Amino acid sequence: MKFVSIIMGSKSDYEIMKNCSDTFEKFNVKYEMIISSAHRSPTRTKNYMKEAEEKGAVVFIAAAGMAAHLAGALAASTTKPVIGVPMKGGAMDGMDAMLSTVQMPAGMPVGTVALGRAGAVNAAYLAMQILAISDKELAVKLKEDRIIKEKAVEVDSLTIEVRL
Ligand code: RP5
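Here the structure is a predicted model, which means the values were calculated and not measured.

Conventions and cut-offs
Residues numbered from 1 in each chain as written. Predicted model: local features only at pLDDT ≥ 70, side-chain atom pairs only at ≥ 80, totals over all residues. Heavy atoms only, no water. Helix = DSSP H or I, 4+ residues; strand = E, 2+ residues; numbered from the N terminus. Rg over C-alpha atoms; globule rule 2.2 N^0.38 Å. Buried < 20%, exposed > 50% of the residue type's maximum accessible area, 1.4 Å probe, protein only. Contact = heavy atoms within 4.5 Å. Lys, Arg positive; Asp, Glu negative; His and termini not counted. Charge placed at Lys NZ, Arg CZ, Asp CG, Glu CD. Expected span 1.5 Å × (residues − 1). Near = heavy atom within 4 Å. Polar contact = N/O pair within 3.5 Å; in protein donor to acceptor, adjacent residues only side chain to side chain. Areas by Shrake-Rupley, 256 points an atom, 1.4 Å probe, with all protein chains shown as cover. Nonpolar A, V, L, I, M, F, W, Y, C, P; charged D, E, K, R; others polar. Axes fitted to C-alpha atoms, helices over the stretch in contact; angles between N-to-C directions. Left-handed = near helix turned anticlockwise from the far one by under 90°. Salt bridge = Lys/Arg side-chain N within 4 Å of Asp/Glu carboxyl O. Pairing = 2+ DSSP bridges. Right-handed = clockwise from strand over helix to strand, strands pointing away.

## Concerning the overall build of the chain
Stage number 1. What the chain contains, in helices and strands, is 6 helices and 5 strands.
Stage number 2. Helices and strands in the chain line up, N terminus first, as β-α-β-α-β-α-β-α-β-α-α.
Stage number 3. At 17 Å, the chain has a C-alpha radius of gyration in line with the 15 Å of a compact globule built from 164 residues.
Stage number 4. When each of the 164 residues of the chain is scored for burial, the buried share is 41%.
Stage number 5. Nonlocal contacts in the chain, meaning residues at least 24 apart in sequence, comprise 68% of its contacts between residues at least 6 apart.
Stage number 6. Averaging the locations of the 20 positively and 18 negatively charged side chains of the chain gives two centres separated by 4 Å.

Have a look at this one:
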């Protein structure tokens, strides 16, 4: 069973990361979601990651704020793709998490997405695009979703459009 694993550093990350799991629900993609911290529960994080890989996790999504080391810590112990979602909050409102997540050393990638809701949603889309390489049905769903989004732009425009 292939699935995506979502790990967040704190319950305070859940409100944003629900946008990630909701996106998987919308596309009927299997996922697991847990809270585990690189700093507060390093053993739980390490053990979960090993178990998840054994069970079939093919992509990991890690969300953390402040000195955000969760995605990097996961990337250190797997060659599966790791997507990092920096969380807003703290004294620097996410700039610290964004730099901590994105600035990985060469050879240890973390695909870092945006801060906030867009990042949580895009983490799911990026994971699905990875899965869709070997899942034709999902690839079709993602293409259909793009068409829906494109049409929505035109529909939205029509409600306010002014042209000469
Ligand atoms: C990080 O510290 C968590 O991912 C969270 O974004 C941030 C603050 O955590 P809490 O103090 O709200 O639990 O590890």
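## Quick word on helix H2 (residues 42-55)
Stage number 1. Compared with the 20 Å implied by 1.5 Å per residue over 14 residues, the 20 Å span of H2 between its first and last C-alpha is a close match.
Stage number 2. One or two steps after H2, the chain reaches Gly 56, where phi turns positive at roughly 125°.

## Digging into the site of the ligand
Stage number 1. For the ligand, the full set of nearby residues is Gly 9, Ser 10, Ser 12, Asp 13, Arg 40, Ala 64, Gly 65, Met 66 and Met 87.
Stage number 2. Ser 12 is positioned with one of its side-chain polar atoms (N or O) 2.7 Å from an oxygen atom of the ligand.
Stage number 3. Protein contacts shield 72% of the accessible area of the ligand, which totals 360 Å² for the unbound molecule.
Stage number 4. Taken together, the residues of the shell around the ligand sort by class into 3 nonpolar, 4 polar and 2 charged.

## Re the side chain of Ser 5
Stage number 1. By the secondary structure assignment, Ser 5 is in strand E1 (residues 3-8).
Stage number 2. If we skip the residues at most four places from it in the chain, Ser 5 touches Glu 32, Tyr 48, Ala 57, Val 59, Phe 60 and Ile 61.

## A few points about the packing of helix H1 (residues 14-27) against helix H5 (residues 116-131)
Stage number 1. Two numbers describe how H1 lies on H5: the axes approach to 7 Å, and their chain directions differ by 35°. Read as a crossing pair, H1 and H5 show a hand that is right-handed. Contact with H1, carried on its side by Ile 16, Met 17, Asn 19, Cys 20, Thr 23, Phe 24, Lys 26 and Phe 27, involves Gly 116, Arg 117, Ala 120, Val 121, Ala 123, Ala 124, Tyr 125, Ala 127 and Met 128 of H5 and no other residues of that element.
Stage number 2. For the contact of H1 with H5, the class distribution of residues is 12 nonpolar, 3 polar and 2 charged.

## Some points on the pattern of salt bridges
Stage number 1. This model, assessed by the stated rule, comprises 8 salt bridges.
Stage number 2. A salt bridge links Asp 93 to Lys 88; the shortest N-O distance between them is 3.6 Å.
Stage number 3. A relative accessible area of 41% places Asp 93 in the partly exposed class.
Stage number 4. On the basis of relative accessible area, Lys 88 is assigned to the exposed category, the value being 51%.
Stage number 5. Here Asp 145 and Lys 149 are joined by a salt bridge, their closest N and O atoms 2.7 Å apart. Placement of both Asp 145 and Lys 149 in helix H6 (residues 136-160) is noted, with a separation of 4 residues, approximately one turn of the helix.
Stage number 6. Judged by relative accessible area, Lys 149 falls into the partly exposed class, the value being 41%.
Stage number 7. Within this structure, Lys 26, Asp 145 and Lys 149 form a network of salt bridges that share partners.

## Digging into the pairing of strand E4 (residues 82-87)
Stage number 1. Across the 6 residues that make up E4, a large majority, 6, are buried.
Stage number 2. Examined bridge by bridge, strand E3 (residues 57-65) and E4 share 6 bridges and lie parallel to one another. The partner of Phe 60 across the bridge, within E4, is Val 82.
Stage number 3. This β-α-β element, E3 to helix H3 (residues 70-76) to E4, shows right-handed connectivity.
Stage number 4. In the sheet, E4 pairs with strand E5 (residues 111-112) via 2 bridges, with the strands oriented parallel. Residue Gly 84 lies in a different strand from E5, and its bridge partner there is Thr 112.

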